[in-house]
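Next come the chains, spelled out residue by residue.
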Amino acid sequence: MADVFGIVLAGGEGKRLAPLTADRAKPAVPFGGNYRLIDFALSNLVNAGYRQIVVLTQYKSHSLDRHISTTWRLSPLLRNYVTAVPAQMRRGPHWFAGSADAIYQNLNLLHDERPDYVCVFGADHIYRMDPRQMVDQHIESGAGVTVAGIRVPIEQASEFGVIEAGADGRTISAFLEKPTDVAGLADAPHQVYASMGNYVFSTEVLVDAVTTDAADELSNHDIGGNLIPALVARGEAQVYDFTANVVPGVSEREHSYWRDVGTLDAYYEAHMDLISVDPVFDLYNREWPIHTWPESLPPAKFLFQDEGRTGHALDSMVSPGVIVSGATVRRSILSPEVHLHSSSEVEGSILLHGVDVGRGAVVRNAIVDKNVRIAEGAQIGVDPEEDRERFVVSPGGIVVIAKGETVEA
């Protein structure tokens, strides 16, 4: 088995996810009730047997550091570890200037471990992937870097970094950042390869590339924007077609599922993918589980079936510690320790940890951050004009309530 080292890039600010990132790093944003965004990338690496992993952090990283240290404790007996590495200014008094610079400032990690190959993965996408298959293609090809690409409609090319493949279908001929005019794939002219932000590097190539980039004062020191184009120009870059990846337990419906949850609307829509009868993304796949910290909480509880009040939830996910007391829940995700009081109504919403919804309150099409108190009779998502005056509202009309706020009637 090849000696593979994992680097997860978790230093992003996540401005487009504000206010969810006002008090935490983007990879630490909760997702799907029990999880955080970073759990998906780490689970894919660990499930594949890659268990020497560093997580490079920077902005507002306390909750992320705490989550990694408490949740991702692997056995040191076999030299397994997942550890957070903050910006240490090892190359001078400055923070990470970009993803390539983050690796350059931490080259000591590669010198210490001396792996043959390095998986460099993003920390904030929702997907299942067996990275061993991508590593196998990389080794077989002899490329310096292999970039994971997902097929998207050509009309969406301007939203992604786009990979153009050569005549062999694998060698990358161009790497374009959000192009407005691009050719389709040879076998599917209506599609293009969008970069997933996951890379496999041969270690020597990675060290040379980030060192050369660090000396370029005109560079933005970004992997996708600078390193990959430089390696493409040298003929050392190949694409890995994500549709070829086969993950145990994944249904045909979920095959090749990947979501960038970098905006509030994308974050909301990815949650809605979880809750149908036949979910687009299935959190219940035990053959390739998504791991996280199991909090010591009692089971969820549903109360009352008299006086016209029935505590119930339909087409929803309800986490441990939740109390639904004579309330109605539809198409929603309730995170741990949410409490819904009598006659309240929650529909099409994501409630994060510890939210308290008062008697008779209504919450529709909303993302409610941790420890928010919604007062008796308050209404969210009912009057769009009033919502825009009081709260953050996404372009798609999703109301977002910031952490710790109190919403009065």
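In the block above lies the structure referred to throughout.
We now turn to the structure provided with this report. (Residues numbered from 1 in each chain as written. Predicted model: local features only at pLDDT ≥ 70, side-chain atom pairs only at ≥ 80, totals over all residues. Heavy atoms only, no water.)

## So, the sheet that holds strand β21 (residues 333–334)
Taking strand neighbours across the sheet as the criterion, the six strands line up as β18-β21-β24-β27-β31-β30 in an open arrangement whose pairing is mixed. Unpaired on one side and paired on the other, β18 (317–318) and β30 (392–393) mark the two borders of the sheet. Of the pairings in the sheet, the one linking strand β27 (residues 366–368) to strand β31 (residues 399–401) comprises three bridges and is parallel in character. Across the sheet, Ala366 pairs through a bridge with Val399, a residue of β31. (Pairing = 2+ DSSP bridges. Helix = DSSP H or I, 4+ residues; strand = E, 2+ residues; numbered from the N terminus.)

## So, the layout of surface pockets
Estimated volume of the second largest pocket: approximately 420 Å³. Residue lining of the second largest pocket: 20 residues in total, with Asn34, Thr292, Trp293, Glu295 and His353 positioned closest to the centre. Within the residue set of the lining of the second largest pocket, elements represented by two or more residues are β3 (35–36) and α2 (62–71). Sort the elements by how many residues they give to the lining of the second largest pocket and α2 lands first, with five residues. Per-class residue counts for the lining of the second largest pocket are eight nonpolar, seven polar and five charged. (1 Å grid on protein atoms, 1.4 Å probe; cavity = no way out; pocket = protein on both sides within 12 Å on 5 of 7 lines; lining within 4 Å. Points joined across faces, edges and corners; volume = space filled by probe spheres on them. Nonpolar A, V, L, I, M, F, W, Y, C, P; charged D, E, K, R; others polar.)

## Observations regarding the nonpolar core
Formed by 42 residues in total, the largest nonpolar core has its most connected members in Val8, Ile38, Leu42, Val55, Cys119 and Tyr127. Counting only elements with at least two residues in this core, the list comes to β1 (4–10), α1 (38–47), β4 (52–57), α2, β6 (117–122), α5 (131–141), β8 (145–153) and β11 (191–202). The element that contributes the greatest number of residues to this core is α1, accounting for five residues. If we ignore the near neighbours within four places in the chain, the residues touching Leu42 are Val8, Ile53, Val55, Trp72 and Val82. (Core = buried A, V, L, I, M, F, W, Y, C linked by side-chain atoms within 4.5 Å. Buried < 20%, exposed > 50% of the residue type's maximum accessible area, 1.4 Å probe, protein only. Contact = heavy atoms within 4.5 Å.)

Coordinates in, geometry out; function isn't part of it.
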